[in-house]
Amino acid sequence: DIVMTQTPLFSPVTLGQPASISCRSSHSLVLSNGNTHLTWLQQRPGQPPRLLIYDISKRFSGVPDRFSGSGAGTDFTLRISRLEAEDVGTYYCTHVTQFPYTFGQGTKLEIK
Amino acid sequence: QVQLQESGPGLVKPSETLSLTCALSGGSMNGYYWSWIRQPPGKGLEWIGCIYHTGSNYNPSLKSRVTMSLDTSKSQFSLELNSVTAADTAVYYCARVVPGTGPDYWGQGTLVTVSS
């Protein structure tokens, strides 16, 4: 199984300031066709997860452009350019490269 | 608009079988992986498995206890998890997974508690 490791696990951030979350996979997520199916999810308190970013850097429909993803191979980053109150929650990286799908432990973003 | 809704008992006794159904509205079942994902209280996400037209795939850690089924005529899919213990207490989510993209639509989740 591919192990997904996120850092930090907890991040207090000031409103209006940037936030960054890292995700590392135990194996390269690059497929033979060159695609890398790394996905980021957001889970607000009391809500189901929501798809934010797929294929490393593509924003899902309706996701604000303050969210961006980057990375390659085994190292990936989710960035929020300016934190808003509605961004509070837990963020998960996951892959849909091969079965079984696995998730990072989650990173909890809170307002400082 | 695609919507998913889980249904099933909220309380299951130890050693019995957990059974949940997910109803789809507003979309087709073709071409997707219909998945179950769970989240123990206060913890992270665990992928249970998925079912699609040509087969299924389960998390190896749960494979011996899991069965999923798909009923396209009713636009729904189901999960059975047998021999449950307290460790299976979790919010169970159903989700649509786009192959190569990820889980784009989720149900609201249903809490299943395993207790006598």
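Read on for an overview of the structure.

Rules of the game
Residues numbered from 1 in each chain as written. Chains lettered and ligands numbered in written order. Predicted model: local features only at pLDDT ≥ 70, side-chain atom pairs only at ≥ 80, totals over all residues. Heavy atoms only, no water. Phe/Tyr/Trp six-rings, centres within 6.5 Å; stacked < 30°, edge-to-face > 60°. Helix = DSSP H or I, 4+ residues; strand = E, 2+ residues; numbered from the N terminus. Buried < 20%, exposed > 50% of the residue type's maximum accessible area, 1.4 Å probe, protein only. Contact = heavy atoms within 4.5 Å. Buried area = accessible area lost by both parts, 1.4 Å probe. Salt bridge = Lys/Arg side-chain N within 4 Å of Asp/Glu carboxyl O. Polar contact = N/O pair within 3.5 Å; in protein donor to acceptor, adjacent residues only side chain to side chain. Nonpolar A, V, L, I, M, F, W, Y, C, P; charged D, E, K, R; others polar.

### Some words on the packing of aromatic side chains
Remark: the centre distance and the inter-plane angle together describe each pair of aromatic rings, the angle taken between the planes. Summed over the entire model, instances satisfying the criterion amount to 10 aromatic pairs over all chains. Here Phe99(A) and Trp47(B) contribute two aromatic rings whose centre-to-centre distance is 5.5 Å and whose plane-to-plane angle is 15°, an arrangement assigned as stacked. One end of the pair, Phe99(A), is in the loop between strand S9 (89–95) and strand S10 (107–111); the other, Trp47(B), is in strand S5 (residues 46–52), on a second chain. For Phe99(A), a relative accessible area of 26% translates into the label partly exposed. Ring geometry for Trp34(B) against Phe77(B): centres 5.5 Å apart, planes inclined by 45°, an arrangement best described as tilted. In this pair, Trp34(B) is assigned in strand S4 (residues 33–39) and Phe77(B) in strand S8 (residues 76–81), connecting sequence segments 43 residues apart. The exposure class assigned to Trp34(B) is buried, which follows from its relative accessible area of 0%. Here the aromatic residues Phe99(A), Tyr101(A), Tyr33(B), Trp47(B) and Tyr52(B) are joined through ring pairs into a cluster of three or more.

### Concerning the interface of chain B and chain A
How big an interface is tends to be stated in terms of accessible area lost as the parts join. Taken together, the contacts link 23 residues of chain B with 18 residues of chain A. Of the roughly 1700 Å² buried where chain B meets chain A, counting both sides, 68% is carbon and sulfur surface. The three residues of chain B that bury the most area against chain A are Leu45(B), Trp47(B) and Thr101(B), which together make up 32% of that side's buried surface. On inspection of chain B and its partner chain A, the count reaches 0 salt bridges. The tally of links from chain B across to chain A stands at 5 residue pairs in polar contact (both at pLDDT 80 or more). The set of elements that each furnish at least two residues to the side of chain B that touches chain A consists of S4, S5, strand S9 (90–98) and strand S10 (102–106) of chain B. Class assignment of the residues belonging to the side of chain B that touches chain A gives a composition of 11 nonpolar, 9 polar and 3 charged.

### Some details on the pattern of salt bridges
All names here are of chain B. Enumeration over the complete set of coordinates arrives at 10 salt bridges over all chains. Of the charged contacts in the structure, one is a salt bridge between Arg38 and Asp88, with a shortest N-O distance of 2.8 Å. With Arg38 in strand S4 and Asp88 in the loop between S8 and S9, this residue pair connects regions lying 50 residues apart in the sequence. Each of the two residues, Arg38 as well as Asp88, counts as buried. Put simply, Asp88 and Arg65 hold a salt bridge, and the shortest N to O gap is 2.9 Å. In this pair, Asp88 is assigned in the loop between S8 and S9 and Arg65 in the loop between strand S6 (55–58) and strand S7 (66–71), connecting sequence segments 23 residues apart. A relative accessible area of 2% means that Asp88 is categorised as buried.

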